[in-house]
Amino acid sequence: MTKINLLKPDNNNLPLFLGLGVVFFVFGIFDFYLSNFLSLNITSFLPRVINFFTPLIFAVIGLHFIRIEFSGIKILDNINKNINTSNFNAILSVSIILLIIFGLPPLLNWLILDANFAGDTKEACTGGGACWVYIKVWFNRFMYGMYPNAEQWRVNITFIAVLVFMAAGFFVPTRLKNYLSLYYTILLPIISFALIYYIISGGSFGLVWVETGAWGGLSLTFMVSFFSLIFCFPLGMMLALGRRSNLPIVKYSSLSFIEFWRGVPLITVLFMSAVMFPMFLPEGTYIDKLIRVVVAITLFEAAYTAEVIRGGLQALPRGQYDAAKSLGMGYWRMHVFVILPQALKLVIPGIANTFLALIKDTPLIFVVGLLELVGMLNLAKTNPKWLGFSMEGYVFAGIIFWIICYSMSKYSQNLELKYKTDR
Amino acid sequence: MKLKKILPQLLTLLFIILVFGFFTMNAQENMETRGLEFGFGFLNTQASFDIQFSLIDYDGSHTYARAYLVGLLNTLLVAFIGIILATLLGALVGVARLSPNYLIRKTASFYIEFFRNIPLLLQIFFWYFAALRALPMPEDAPMILNSSFMTIKGLYSPAPIWTNFDVFFITIIIAMIIIFFFARYAKKKQEQVGKRLPVLLISLAIFISLPLLTFLIGGVDLSWSFPVIRQMSASSYTFDGGFKIPPELIALTLALTLYTATFIAENVRAGIQGIGKGQKEAAASIGLTTSQVLKLVIMPQALRIIIPPTTNQYLNLTKNSSLAAAIAYPDLVLVFAGTAMMQTGRAIEIVGITMATYLTISLGISLLMNWYNKRIAIQEK
């Protein structure tokens, strides 16, 4: 038995320090658990300030004891390396562990354990947790807005059809691959617009006319972001090329266009499309609100896309331009076959971020009176039969948006890796 | 060859002229039929609407121009608070992302992934309609730190009451000027002698002691006005005195801060990671201490990477503060493009002024940042 120094745990007294450390650590956690969930304070004899921190102090002391280098025990070494490198780190780690213990059980209780799932009236919600009945009852409204219940299959069919047309690009024979970009930028928007116009909007083929004011919910979010997305990409590309052009008028008009849209908030752009734009049209012309909104968002996001693509264009070495020119390529051939394919590959993450921003911006269309998911939530919240469930609604919408955005960002990271070419 | 250069430009010009011409013509016609005349004279007429929260004197008898100023100041207030808080939080989380501690690292990245993937508007609604509505009514609110109350109607905190505030303020400015010259002197001295003066310590001492002296000599005095609860009617209570921060401002600042900080954190992380390991090792090998390595070698280089995208985030935050309109915080958009426009019906002028204001702020900040970027850029040969 060698000398024991409590301030410097060492390898020689490993079992002792390990035992002491675990006891202290467990005691700290135990103390925290008791005082928080059973309101039993076993250290109440201490002054208030110290008493509050006892769990932290005990657990940190415990971690201090088990901080032994090269102990030979794999788990211990891993713990020390990852969460217990110094006293400061130990304090932070313990704080986070305690925070999780403090926050997780009530959260789980509210979300799942105490929540109500069954039933279809407000009275069914008796537990202390979330009332998911509210979401269940309003689900159709959240998805389709004010679209008549009997007609909702039309929205579903259209979405499936658009998805099929989008996926069709992956299955074309190789010799048609060259025309794929044309398909996505020109043909697909036309097809989708026709589908939406004839099926969702209706009015012909025996389908009832549903005005755009009744569209809403998550399906509207998708529609607005889908169209803005496919239109803003080619426009942004043109603007990016225009901005790098050496023709002064083209360059400066692109530049001022980009800077203008980037300098104003989207909400004012939507205001403009709602109240100011009709003033700029000939007397008696009426453009549908939804189309105005899509155009406004497209112009707005195109400016951001343009800046991202410009970044890619600038990142290409001059040699690429020179090489293309030396082969006798003109401006358009050079850009289409040499520059843009490489530049676009570089800007995949940036483009994905812009699209994510676009999706996250769509709730703003409430300004012009279109109610997508978040707008519908605010409408449902004020329904006198269902007062007091705003929290459930926001959590629900938050989860949906989070899943969409998170999966998109992960997908873009995959794309980035896939198309990465070494230079 | 000439034609190839002139033709596209001519076409662009023609397109722009056509679009603008078409719009102006229609606008003129529409204004005429509605009996409106384009002009900014309405700014000097009486606004006759109230604004809930204002930094300057305002009531219904003031002009529209004044209402515009109130809205602008409210926007700038949110942006200012938001930028400071988001920078602090973002820097902290960004550093935490690189921590050797597994738990810290994961917590930081969880926070980032969580908050950046939820629409800002949804977050604002969440804080305002769900979280802050769960706070107690004024009569049930517990006292925080023996002075403040966090209630459903907002945060009530003690308000400072100054006597001779101007003396105090001038002293602070003088202290700053002294510190500035002292720092320059210390640097010069270090270059001559090679010994560092404890600049930070002395600066702090000056900054604290000089203003404190004014309490003794300058006749400056500070007392606090505490919020006191008062019954208005049988079931309605309010607070008298103190300083009130409306819940709209709290919700907006919270949401903007938490959302923007995630982006700033990623910038900070990228900036620090962008510095080669060799830099750190080289600095350590010439005998600099850890804090000196960070301050003199890592940070100056990392900042060069961090600042440009972070400026963009500041601009985004300022522009996003216009979402205030959704929860009725009286910012520029709500006051001017909302209420004022409803009353006057002057869509073109008002939306134009609002956009021009944001445009000025954005372009102003980006010009400033371009200048700053040029100044700190590495001088390559």
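What counts, and where the lines are drawn
Residues numbered from 1 in each chain as written. Chains lettered and ligands numbered in written order. Predicted model: local features only at pLDDT ≥ 70, side-chain atom pairs only at ≥ 80, totals over all residues. Helix = DSSP H or I, 4+ residues; strand = E, 2+ residues; numbered from the N terminus. Rg over C-alpha atoms; globule rule 2.2 N^0.38 Å. Buried ≥ 20, exposed ≤ 12 C-beta atoms within 10 Å, placed from the backbone. Contact = placed C-beta atoms within 7 Å. Pairing = 2+ DSSP bridges. Expected span 1.5 Å × (residues − 1). Bend = angle between axes of the 7 residues up to and from the residue. Domains from an automatic or database assignment. Axes fitted to C-alpha atoms, helices over the stretch in contact; angles between N-to-C directions. Parallel < 35°, antiparallel > 145°, perpendicular 65-115°, else oblique. Nonpolar A, V, L, I, M, F, W, Y, C, P; charged D, E, K, R; others polar. Core = buried A, V, L, I, M, F, W, Y, C linked by C-beta atoms within 7 Å.

Topic: the overall build of chain B
Part 1 of the reasoning: Counting its secondary structure elements, chain B contains 11 helices and 8 strands.
Part 2 of the reasoning: For 381 residues, the compact-globule estimate of 2.2 N^0.38 gives 21 Å, and the C-alpha radius of gyration of chain B, at 27 Å, exceeds that figure by more than 25%.
Part 3 of the reasoning: Taken along its principal axes, the extent of the C-alpha atoms in chain B is 85 × 80 × 45 Å.
Part 4 of the reasoning: Expressed as a percentage of its 381 residues, the buried residues of chain B come to 28%.
Part 5 of the reasoning: By sequence separation, contacts in chain B at least 24 residues apart represent 63% of the contacts at least 6 residues apart.

A look at the overall build of chain A
Part 1 of the reasoning: Across its full length, chain A carries 16 helices and 1 strand.
Part 2 of the reasoning: Restricting to contacts in chain A with at least 6 residues of sequence separation, those with at least 24 account for 68%.

Quick look at the sheet that holds strand β1 (residues 143–144) of chain B
Residue and element names in this part refer to chain B.
Part 1 of the reasoning: Read across the open sheet, the 4 strands follow the order β1-β2-β3-β8; overall the sheet is antiparallel. The open sheet has two free edges, formed respectively by β1 and β8 (243–245), since each of these has just one partner strand.
Part 2 of the reasoning: Note: strand β3 (residues 154–157) against β8, 3 bridges, orientation antiparallel. Paired with Y156 across the bridge in β8 is K244.

A few points about helix α4 (residues 87–113) of chain A
Part 1 of the reasoning: Over its 27 residues, α4 of chain A extends 37 Å from the first C-alpha to the last, a length consistent with the 39 Å expected when each residue adds 1.5 Å.
Part 2 of the reasoning: Along α4 of chain A, the largest kink reaches about 25 degrees and is centred on G103 of chain A; proline P105 of chain A follows within four residues of it.
Part 3 of the reasoning: Those residues of α4 of chain A that sit buried are N89, A90, S93 and V94 of chain A.
Part 4 of the reasoning: Where the residues of α4 of chain A are buried, they touch α2 (48–65) and α3 (74–83) of chain A together with α3 (102–116) of chain B.

Overview of the pairing of strand β7 (residues 237–240) of chain B
Residues and elements named next belong to chain B.
Part 1 of the reasoning: In terms of strand pairing, strand β6 (residues 228–231) meets β7 through 4 bridges, oriented antiparallel. Residue Q231 lies in a different strand from β7, and its bridge partner there is Y237.
Part 2 of the reasoning: Linking β6 back to β7 in an antiparallel pair, the connection comprises 5 residues.

A short note on the domain arrangement of chain A
Often, the extent of an interface is quoted as the loss of accessible area upon association of its parts.
Part 1 of the reasoning: By domain assignment, chain A separates into domain 1 (11–113) and domain 2 (132–147 + 210–418).
Part 2 of the reasoning: For domain 1 of chain A versus domain 2 of chain A, the separation of C-alpha centres amounts to 47 Å.

Notes on the packing of helix α9 (residues 290–320) of chain B against helix α11 (residues 347–376) of chain B
Residues and elements named next belong to chain B.
Part 1 of the reasoning: Axis separation between α9 and α11 bottoms out at 11 Å; the angle between their running directions is 170 degrees. Viewed along their axes, α9 and α11 adopt a mutual orientation that is roughly antiparallel. Where α9 abuts α11, its residues R304, I307, P308, T311, Y314, L315, T318 and K319 lie against Y358, I361, S362, I365, M369, N373 and I376.
Part 2 of the reasoning: Partitioned by chemical class, the residues of the contact of α9 with α11 number 9 nonpolar, 4 polar and 2 charged.

A word on the pairing of strand β4 (residues 159–163) of chain B
Residue and element names in this part refer to chain B.
Part 1 of the reasoning: Little of β4 sits out of view: just 0 of its 5 residues are buried.
Part 2 of the reasoning: Pairing of β4 with strand β5 (residues 221–225), which is carried by 5 bridges, proceeds in the antiparallel orientation. Residue pairing in the sheet places A159 in a bridge with S225 of β5.

Some points on the environment of S99 of chain B
Residue and element names in this part refer to chain B.
Part 1 of the reasoning: Structurally, S99 can be placed in the loop between α2 (64–96) and α3.
Part 2 of the reasoning: Judged by C-beta crowding, with 16 C-beta atoms within 10 Å, S99 ranks as partly exposed.
Part 3 of the reasoning: Once you skip the residues sitting within four places of it in the chain, S99 turns out to touch I104 and R105.

So, the packing of helix α14 (residues 348–361) of chain A against helix α16 (residues 390–418) of chain A
Helices that pack against each other are described as a pair by the angle of their axes relative to one another and the distance between those axes.
Residues and elements named next belong to chain A.
Part 1 of the reasoning: At their nearest, the axes of α14 and α16 sit 9 Å apart, and the two run at 170 degrees to each other. One way to sum up the angle between α14 and α16 is to call them roughly antiparallel. Residue-level contacts link I348, P349, A352, L356, I359 and K360 of α14 to I404, C405, M408, S409, S412, L415 and E416 of α16.
Part 2 of the reasoning: Residues of the contact of α14 with α16, tallied by class, amount to 9 nonpolar, 2 polar and 2 charged.

Overview of the domain arrangement of chain B
Part 1 of the reasoning: Parsing chain B into structural domains produces domain 1 (2–38) and domain 2 (64–158 + 226–376).
Part 2 of the reasoning: With centres defined by C-alpha atoms, the gap from domain 1 of chain B to domain 2 of chain B works out at 40 Å.

Details of the interface of chain B and chain A
Part 1 of the reasoning: The interface is formed by 46 residues belonging to chain B together with 43 residues belonging to chain A.
Part 2 of the reasoning: Within the residue set of the side of chain B that touches chain A, elements represented by two or more residues are α1 (2–34), α3, α4 (120–131), α9, α10 (332–344) and α11 of chain B.
Part 3 of the reasoning: For the side of chain B that touches chain A, the element with the most residues is α1 of chain B, which contributes 12 residues.

As for α3 of chain B
Part 1 of the reasoning: With 15 residues, α3 of chain B ought to run about 21 Å at 1.5 Å a step, and its terminal C-alpha atoms sit 21 Å apart, in line with that.
Part 2 of the reasoning: Where α3 of chain B is buried, its residues meet α3 and α4 of chain A together with α2 and α7 (247–273) of chain B.

Notes on the nonpolar core
Part 1 of the reasoning: Membership of the largest hydrophobic core comes to 141 residues, with the highest contact counts inside it found for L270 of chain A together with I124 and L252 of chain B.
Part 2 of the reasoning: It is helix α11 (residues 289–315) of chain A that contributes the most residues to this core, 13 residues altogether.
Part 3 of the reasoning: In contact with L270 of chain A, other than residues within four places in its own chain, are V293, A296, L364, I365, V367 and V368 of chain A.
Part 4 of the reasoning: In this structure, F17, F24, F58 and A90 of chain A belong to the second largest nonpolar core, which totals 12 residues.

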